[in-house]
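Examination of the molecular architecture
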Amino acid sequence: MPRTTQIFCASTLYGAATLAAAIEAECFSEPDRRILLVFNNAAVPETSPGVHEMPGFGALRKHFDEVLVFNDAISPLHPSAWGPRQDDIPLLERYFRMLWRLDDDRLELILESLQVNPALAFAQIFTGAPIHAYADGLMSYGPTRNKIDPLVGTRVRRLLHLDLVPGLKPVLLTEFGVPPQIVPTENFLKVMAGLTGASGELPAVPDGAALLLGQYLSALGILTAAEETELHLRMMRGAVERGHRSLVFKPHPMAPADYELALEAEAERLGVDLTVVDTPVLAEVLFARARPALVVGCFSTALFTASAFYGLPVARIGTGTLLERLAPFQNSNRVPVVLADALLPDLEPGGRDTAALPPKQLEGLIGAVSFAMQPQVLPALRPAAERYLSQHFDSRVQRYFKRRRLTSLGLPGGLPQRLGFLPRNSTARRMARRARRTWKAVKR
């Protein structure tokens, strides 16, 4: 009888903590061997610490029999860029089984971000292994980013996820009928408590401060570096306007260091105390150690763990700009931005009505946005999307959709059907160009 080996794959400390919580909650049967396989997906992995090198990882290590690094196995190739050629798959499986002493073990794969490499590549190599997917953030509430080969998708047994938005079910992998399973919050908090105690020395963070979360959106091409710096400054001003005189800024681990000068100058101008936490530590560690009076961010998953798991007040900022900037419409950050905009209060005063959407309406909204993002992956959601948009397409819901996208899909809220031909009509486009040229000539 071959032994059973479970391979847990993680690229973030948050993901590894989620896996540890699922093991604590006995979401997996007891195997003969548990391996944590670390993916380091940083742009330059050699200069960035892997999950197993992060402060606090020692508290998670006990859940696994062995820790391996995928980057070492495929060096010098980058895990996000490399995928197996079809003809090489049998050879690669033999290679990995030999390298990691898997022999003829019966394997179970526990993977995140299954629609892209390196998780997709790993699933393709071990063709016969059942897969348990897990989500380490808000993207699980949105659709699968790309069409997944049925040889991979039909092997997924379930989607493990944290209950970040109580009452809302994930859309990820529903095209394969994958059932979701919640990782109990109490187990996640227990794991986080252990991780907090093992995180070592941190900068002195005052209790009751406002905690500002950076996300490094310029790296995604959504904002320019200058716009992102201005977003951070708006976080500071908004927190000060709410009466906070002590601020803590936690930058994204991959963000450059030149943001600090602008933040320090603004803090001096505002007359407030600023602490920058430049140690690579989870925001949840700061929630537990310092109990901030307010947590501010854009659409970070940490905003939802702060609110749902730690009972902390939160506020979001900049989501309106991101809803306009995200491109293409299929961008997988869209659902996290929609959730932050629809559920969390606005930091800046004088904004629009920010009451959270009721659960039933939120479910309909996420279903409609998911269909508009991936109509070919989720064609079964069309009737629900049409029904929701025909009943709720008010000024608030409009901000979550592009009229051009609705028109191309023939959904309520797009151009009337009798005018739908115009964007694709060559005569109409030629007349529009002529009118623009005439208008420019008149203005001269």
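1. Quick word on the pattern of salt bridges
Considering all chains together, one arrives at 18 salt bridges under this definition. A salt bridge links Lys190 to Glu24, with the shortest nitrogen-to-oxygen separation between them at 3.4 Å. Taken together, the residues Lys190 in helix H7 (residues 185-197) and Glu24 in helix H1 (residues 13-24) connect sequence positions 166 residues apart. What makes Lys190 exposed here is its relative accessible area of 51%. Here Glu24 falls in the partly exposed class, since its relative accessible area comes to 26%. Salt-bridge contacts for Asp88 lead to Arg85; the nearest nitrogen and oxygen are separated by 2.8 Å. Looking at Asp88, the relative accessible area reads 22%, which means it is partly exposed. Residue Arg85 is classed as exposed on the basis of its relative accessible area of 60%. A network of salt bridges, in which partner residues are shared, links Glu230, Arg237, Glu266 and Arg269.

2. Considerations on the nonpolar core
Among the nonpolar cores identified, the biggest contains 115 residues, and Val165, Phe304, Leu339, Leu365 and Phe401 are the most heavily contacted of them. By residue number, the principal contributor to this core is H1, which donates nine residues. The residues contacting Phe304, other than those within four sequence positions of it, are Leu138, Leu164, Val165, Phe309, Leu339, Ala340, Leu343 and Leu344. Within the second largest apolar cluster, 36 residues are counted, among which are Phe96, Leu107, Leu114 and Leu159.

3. Details of the confidence of the model for the protein
For the protein, mean pLDDT is 91; residues scoring 70 or higher make up 92% of the total. Long-range and interchain partners of residues 418-422, a stretch whose pLDDT sits below 50, account for one contact in this model, where long-range means more than four residues apart.

4. A closer look at the packing of aromatic side chains
Counting across every chain of the model gives 15 aromatic pairs. Arranged with centres 6.1 Å apart and planes meeting at 45°, the rings of Trp100 and Phe122 form a pair that is tilted. Linking Trp100 in the loop between helix H4 (89-99) and strand S4 (106-111) with Phe122 in helix H5 (residues 119-125), this pair joins segments that are 22 residues apart in sequence. Each member of the pair, Trp100 as well as Phe122, carries the same accessibility label: buried. Following the ring pairs from residue to residue traces out a cluster consisting of Phe39, Phe70, Trp82, Tyr95, Phe96, Trp100, Phe122 and Phe126. Here the basic side chain of Arg158 rests over the ring of Phe28, its NZ or CZ set 4.9 Å away from the ring centre. For the cation-ring pair, Arg334 lies above Phe329, with the distance from its terminal atom to the ring centre recorded as 4.1 Å.

5. Quick word on the sheet that holds strand S7 (residues 180-183)
Ordered in space as S3-S2-S1-S4-S5-S6-S7, the seven strands form an open sheet in which the pairing is parallel. Taken across any chain shown, the strands that pair with only one partner, and hence form the sheet edges, are strand S3 (66-69) and S7. Between one strand and the next, the sheet's axes are offset by a mean angle of 25°, whatever the strand orientation. Sheet contacts for H1: strand S1 (4-10), strand S2 (33-38), S4, strand S5 (131-134), strand S6 (156-162) and S7; angle to S1, the most-contacted strand, approximately 145°.

6. Points about helix H14 (residues 359-373)
With 15 residues, H14 extends 21 Å between its outermost C-alpha atoms, agreeing within 8% with the 21 Å of an ideal straight helix rising 1.5 Å per residue. Of all 15 residues in H14, 11 are buried; the element is thus mostly enclosed. Taken together, the buried positions of H14 are occupied by Gln361, Leu362, Leu365, Ile366, Gly367, Ala368, Val369, Ser370, Phe371, Ala372 and Met373. Buried residues along H14 sit against helix H13 (334-343), helix H15 (382-392), helix H16 (395-398) and helix H17 (403-409).

Calculation rules
Within every chain, residues take consecutive numbers counted from 1 along the sequence as written. Per-residue local features are limited, in this predicted model, to residues with pLDDT of at least 70; the limit for side-chain atom pairs, both in listing and counting, is 80 or more; totals at the level of whole chains, interfaces and linings are taken over all residues. Just so you know, side-chain values use all the structure's heavy atoms and leave hydrogens and water out. Counted as salt bridges are all cases of a side-chain nitrogen of Lys or Arg within 4 Å of a carboxyl oxygen of Asp or Glu. In this description a helix means any DSSP run of H or I spanning at least four residues, a strand means any run of E spanning at least two, and both kinds are numbered starting from the N terminus. Exposure categories follow from relative accessible area, calculated using a 1.4 Å probe and restricted to protein chains: below 20% of the type maximum is buried, above 50% is exposed, and the middle band is partly exposed. Within this scheme, the nonpolar core is defined by two criteria: the residues are buried Ala, Val, Leu, Ile, Met, Phe, Trp, Tyr or Cys, and they are joined through side-chain atoms within 4.5 Å. Any pair of residues with heavy atoms lying within 4.5 Å of one another is described as a contacting pair. pLDDT measures how confident the predictor is about each residue, on a scale from 0 to 100. Aromatic rings from Phe, Tyr and Trp, with only the six-membered ring used for Trp, were paired whenever their centres fell within 6.5 Å, and each pair was classed as stacked if the ring planes differed by under 30 degrees, edge-to-face if by over 60, and tilted otherwise. Criterion for a charge above a ring: Lys NZ or Arg CZ within 6 Å of the ring centre, and within 35 degrees of the ring normal. When DSSP finds two or more bridges between two strands, those strands count as paired. Here, axes are lines fitted to C-alpha atoms. For helices the fit covers the stretch in contact, and angles between N-to-C directions go from 0 to 180 degrees. A helix is expected to span 1.5 Å for every residue after the first.

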